[in-house]
Amino acid sequence: PAAAMSAATKLNNEKARNAALTMAAGQWANSAPREAAEYVAQLPPGASQTSAGVSVAANWAERDPASAAQWVVHFPEGGARDKALSVVARNWAEIDAGQAATWIEALPDTRTKDTALSAFIGGLSDTDPATAVQWVQQISEPKLREQALAQTMRNWVQADSASARAWMDQAGFSDDMKQRALNPK
């Protein structure tokens, strides 16, 4: 795998290089995620490192989400970290929501936690929207919180319209918010 990654870094075409690195990193992460992660960390910052890192995080999170989560929280702040956190939190929510919730609750109240919460809620909202909606209020950034709530409500309406509508009525949703949740643009 290291040879494949090394060869991929030498490709002149940026799109081909990104695609090759992403695929090679993901495959490597299937068998040796920590080694793949260490290699990706040595890549120059940029699109190639970001896409390879997200690929490693996604593959690692399918097998060992706790270790993948530990790795991504040490990324520098920014887009790469947000993408990697999102993929880990969403995958973990789908595998073991209880463990994912424990990890998220331990994160400091920062953008990192909001990013992880949003993805966690996204992972839950497909299978357990009633629980997902309970987590939405923990997102501190208002716009992100509103987006997570609207998406969760859309998923809930699709899964169980009567329960979703009853919850919106009980929660005191305004007519405008109900419309946005039920009829996204």
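What you see is a predicted model; the values in this text were computed from it and never measured.

Draft legend 1. Representation of the overall build of the chain within the structure. Per the secondary structure count, the chain includes 11 helices and 0 strands. Going residue by residue from the N terminus, the α and β elements of the chain occur as α-α-α-α-α-α-α-α-α-α-α. Taken along its principal axes, the extent of the C-alpha atoms in the chain is 60 × 30 × 25 Å. Split into buried and exposed, the 185 residues of the chain put 46% on the buried side. Summarising the internal contacts of the chain: among those between residues at least 6 apart in sequence, 48% fall at separations of at least 24.

Draft legend 2. Structural view of helix H11 (residues 175-182). Among all positions of H11, only Met 177, Lys 178, Ala 181 and Leu 182 are buried. Projected down its long axis, H11 carries its buried residues within an arc of 125 degrees, all on one side. Where H11 is buried, its residues contact helix H9 (142-159) and helix H10 (161-171).

Draft legend 3. Spatial organisation of the pattern of salt bridges. Within the structure shown, the criterion is met by 7 salt bridges. The salt bridge partner of Glu 94 is Arg 90, with a shortest N-O separation of 3.6 Å. Of this pair, Glu 94 and Arg 90 both sit in helix H6 (residues 79-106), 4 residues apart, which is roughly one turn of that helix. For Lys 178, the salt bridge is made with Asp 169, and the minimal N-O distance between the two is 2.5 Å. Linked through salt bridges whose partners overlap, the residues forming this network are Arg 90, Glu 94 and Asp 126.

Draft legend 4. Structural context of the packing of H9 against H11. Between H9 and H11, the shortest axis-to-axis distance is 8 Å and the interhelical angle comes to 65 degrees. Viewed along their axes, H9 and H11 form a crossing whose handedness is right-handed. Residues Glu 146, Leu 149, Ala 150, Met 153, Arg 154 and Val 157 of H9 touch H11, and the partners they reach there are Met 177, Arg 180, Ala 181 and Leu 182. Considered class by class, the residues forming the contact of H9 with H11 number 7 nonpolar, no polar and 3 charged.

Cut-offs used in this document
- For every chain, the first residue of the written sequence is number 1, and numbering continues from 1 onward in sequence order.
- Predicted model: local features are reported for residues with pLDDT of at least 70 only, side-chain atom pairs are reported and counted for 80 or more only, and whole-chain, interface and lining totals are derived from all residues.
- Derived side-chain values reflect all non-hydrogen atoms in the structure, with water molecules and hydrogen atoms excluded from consideration.
- Only DSSP runs of H or I with at least four residues qualify as helices, and only runs of E with at least two residues qualify as strands; both kinds are numbered from the N terminus onward.
- Three exposure classes are used, based on accessible area relative to the maximum for each residue type with a 1.4 Å probe and protein chains only: buried under 20%, partly exposed in between, and exposed over 50%.
- By definition in these notes, contact holds between two residues if any of their heavy atoms fall within 4.5 Å.
- Throughout, the arc means the angular range of directions from the helix axis out to the C-beta atoms.
- Here, a salt bridge means any Lys or Arg side-chain nitrogen found within 4 Å of an Asp or Glu carboxyl oxygen.
- Angles shown run from 0 to 180 degrees and are taken between the N-to-C directions of axes, each axis being a line fitted to C-alpha atoms and, for helices, limited to the stretch in contact.
- For any pair of crossing helices, the crossing counts as left-handed if the nearer helix is rotated counterclockwise from the farther one by less than a right angle, and right-handed if it is rotated clockwise.
- The nonpolar class holds Ala, Val, Leu, Ile, Met, Phe, Trp, Tyr, Cys and Pro. Asp, Glu, Lys and Arg form the charged class, and all remaining residues, Gly among them, are polar.

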